[in-house]
Amino acid sequence: MFFFDPTKIEQIMEEIINNHQMLTDPKEIKIVEHYIYQGKIITILLTLGLVILSFLILILVLTPDILDFFRPLNKSRTHYILMLENYNITEGIQFYYFYTYAFASTFIGVFSIMAVSMMLILCSLYNCAMFKICSYRIEHSIDKKILACSNVRIVIVGRIIKMVKLHQRALKLFKLLITNFTVPFLALLVLGLFSFVSVMYRFLIAVTITHKMYDIIFSLIFIMAHYLYLFGSTFIGQHLVNHADELFAAVNLSLWYETPVTMQKLYLFLIRVTSKSIVPNIGGVYVSVMESFTSITSTAISFLMVIYSVQS
């Protein structure tokens, strides 16, 4: 997605830079810094989680060697690794070569996916910051001091113009994030659904038929990863929707009713425009909000029951 069409990424980054140059108020800059800090915390937590998970998998696979060292038997214990099960490479020096290759390639692949995902999450958080600043600007577009000024119309109109321009840029960034990656997002959705069903089926088979502890543990890890993958994508979409809806609430809660009648018409126009919620619609098929997370989870479980009933 990032390698074959880097111009879309450049377009998004240029839009973010241009939006940031429009911010002059220190409080608005603090709002952006707050969301950037959230992105840093998420990045650190995910990186630590990936490192800890990799270490646990490393220990789990090398458990036979650890047990052979502390409690040796007459023969060496058999290794097990999910990805090399079909190759029958479970002992000898070849196992360590294959395991090193499998572990390194998997770690690099997962780390690359996480890096790309974090870049999209940071862009989405910046978009949330833009909507938050729009709400801040409309909340402070009117106060008692401005209403007491002689040039109240000029001041309010100027502030509304600044808010509308930033809101248009925030909507443009939102559309770039959704429309530029419609096809990859749909592919990730379909592949993620089938993969989710597959790992749940493997876990069900491991619990009911094979009773292999390694299969159960690895399947649980994959199920948790899929839940995080699906929940994270829907949570970010819901976060964007909530921030866009906050602007509508900010317009209604402002002192627009105390302005002159000619100014009230402008605020009524803003109320009408902001009343339309943004929809993170991916290809007209999937809406990335929290309701979709529950629906896609129930769909995956339904597919699982159908496959299990056919196999049994």
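Conventions we followed
- Residues numbered from 1 in each chain as written.
- Predicted model: local features only at pLDDT ≥ 70, side-chain atom pairs only at ≥ 80, totals over all residues.
- Heavy atoms only, no water.
- Helix = DSSP H or I, 4+ residues; strand = E, 2+ residues; numbered from the N terminus.
- Rg over C-alpha atoms; globule rule 2.2 N^0.38 Å.
- Buried < 20%, exposed > 50% of the residue type's maximum accessible area, 1.4 Å probe, protein only.
- Areas by Shrake-Rupley, 256 points an atom, 1.4 Å probe, with all protein chains shown as cover.
- Lys, Arg positive; Asp, Glu negative; His and termini not counted.
- Charge placed at Lys NZ, Arg CZ, Asp CG, Glu CD.
- Contact = heavy atoms within 4.5 Å.
- Patch = residues over 30% accessible without salt bridge, like charges linked within 9 Å, V, L, I, M, F, W, Y side chains within 5 Å.
- Salt bridge = Lys/Arg side-chain N within 4 Å of Asp/Glu carboxyl O.
- Phe/Tyr/Trp six-rings, centres within 6.5 Å; stacked < 30°, edge-to-face > 60°.
- pLDDT = per-residue confidence, 0-100.
- Axes fitted to C-alpha atoms, helices over the stretch in contact; angles between N-to-C directions.
- Parallel < 35°, antiparallel > 145°, perpendicular 65-115°, else oblique.
- Nonpolar A, V, L, I, M, F, W, Y, C, P; charged D, E, K, R; others polar.
- Core = buried A, V, L, I, M, F, W, Y, C linked by side-chain atoms within 4.5 Å.

Helices and strands together make up the secondary structure of the protein chain, namely 10 helices and two strands. Across the protein chain, helices and strands are ordered from the amino to the carboxyl terminus as α-α-α-α-α-α-α-α-α-β-β-α. Scaling as 2.2 N^0.38, a compact globule of 312 residues should have a C-alpha radius of gyration of about 20 Å, whereas the protein chain reaches 26 Å, well beyond that. Taken along the three principal axes of its C-alpha coordinates, the protein chain extends 95 × 40 × 35 Å. In the protein chain, which comprises 312 residues, the proportion classed as buried is 37%. When the accessible area of the protein chain is evaluated, it comes to approximately 18600 Å², of which 69% is carbon and sulfur surface. Distance between charge centres in the protein chain, computed from 23 positive and 18 negative side chains, equals 9 Å.

Its place among the elements puts Arg 153 in helix α6 (residues 152–179). With relative accessibility at 46%, the residue Arg 153 sits in the partly exposed group. Between the C-alpha atom of Arg 153 and that of Pro 260, which follows or precedes it by 107 residues, the distance is 8.2 Å. Discounting residues that sit within four places of it in the chain, Arg 153 has contacts with Thr 262 and Met 263.

On the surface, Ile 44, Leu 48, Ile 52, Phe 55, Leu 56, Ile 59, Ile 66, Phe 69 and Phe 70 cluster together to form a nonpolar patch covering roughly 960 Å² of accessible area. Broken down by element, the nonpolar patch gets its largest block of residues, six residues, from helix α2 (residues 26–61). Here Ile 59 is to be found in helix α2. On the basis of relative accessible area, Ile 59 is assigned to the partly exposed category, the value being 34%.

The final tally for this structure, using the stated rule, is five aromatic pairs. Taking the centre distance of 5.3 Å and the plane angle of 80° together, the rings of Phe 196 and Tyr 227 count as edge-to-face. Remark: Tyr 227 occurs in helix α8 (residues 213–253) and Phe 196 occurs in helix α7 (residues 182–210); sequence separation between them is 31 residues. The exposure class of Tyr 227 is partly exposed, given its relative accessible area of 33%. Ring centres of Phe 231 and Phe 293 lie 5.6 Å apart, and the angle between their planes is 80°; this geometry places the pair in the edge-to-face category. In this pair, Phe 231 sits in helix α8 while Phe 293 sits in helix α10 (residues 290–311), placing the two residues 62 residues apart along the sequence.

This part is about the confidence of the model for the protein chain. Mean pLDDT for the protein chain: 79, with 90% of residues reaching 70 or above. Taking the mean pLDDT of every element in the protein chain, the minimum, 67, falls on helix α5 (residues 144–147) and the maximum, 85, on α2.

In contact at an axis separation of 8 Å, α8 and α10 are set at 155° when each is read in the N-to-C sense. Classified by the angle between their axes, α8 and α10 sit roughly antiparallel to one another. Contact with α8, carried on its side by Tyr 227, Leu 230, Phe 231, Thr 234, Phe 235 and Gln 238, involves Met 290, Glu 291, Phe 293, Ile 296 and Thr 297 of α10 and no other residues of that element. Across the contact of α8 with α10, the residue classes break down as seven nonpolar, three polar and one charged.

This part takes up the nonpolar core. The biggest cluster of nonpolar side chains holds 64 residues, and the ones touching the most others in it are Ile 12, Met 130, Ile 138 and Tyr 267. Those elements that place two or more of their residues in this core are α1 (6–21), α2, α4 (93–139), α6, α7, α8, α9 (261–274) and α10. With 15 residues, the top contributor of residues to this core is α4. Sequence-distant contacts of Ile 12, defined by excluding residues within four places in its chain, comprise Cys 123, Leu 173, Leu 176, Leu 177, Asn 180 and Phe 181. Counting residues in each nonpolar core, the second largest holds five residues, with Leu 60, Val 61, Tyr 99 and Phe 218 among its members.

So, about the side chain of Ser 219. Within the secondary structure, Ser 219 sits in helix α8. Residue classification places Ser 219 among the buried residues on the basis of a relative accessible area of 1%.

This part covers the environment of Leu 125. As for its placement among the helices and strands, Leu 125 is situated in helix α4. Relative accessible area serves as the criterion here: at 4%, Leu 125 is assigned to the buried category. Along the sequence, Leu 125 and His 239 sit 114 residues apart, while their C-alpha atoms lie 8.5 Å from each other. When residues no more than four places from it in sequence are discounted, the contact partners of Leu 125 are Tyr 35, Gln 38, Gly 39, Ile 42 and His 239.

Right, let's talk about the pattern of salt bridges for a bit. Under the defined criterion, the tally for this structure stands at four salt bridges. Measuring nitrogen to oxygen at the nearest pair gives 3.6 Å for the salt bridge that ties Arg 169 to Glu 15. Within this pair, whereas Arg 169 is found in helix α6, its partner Glu 15 is found in helix α1, the two being separated by 154 residues in sequence. For Arg 169, a relative accessible area of 29% gives the class partly exposed. Judged by relative accessible area, which is 6%, Glu 15 ranks as buried. Here Lys 132 makes a salt bridge to Glu 246, at a shortest N to O gap of 3.2 Å. In this pair, Lys 132 is assigned in helix α4 and Glu 246 in helix α8, connecting sequence segments 114 residues apart. Judged by relative accessible area, Lys 132 falls into the partly exposed class, the value being 32%.

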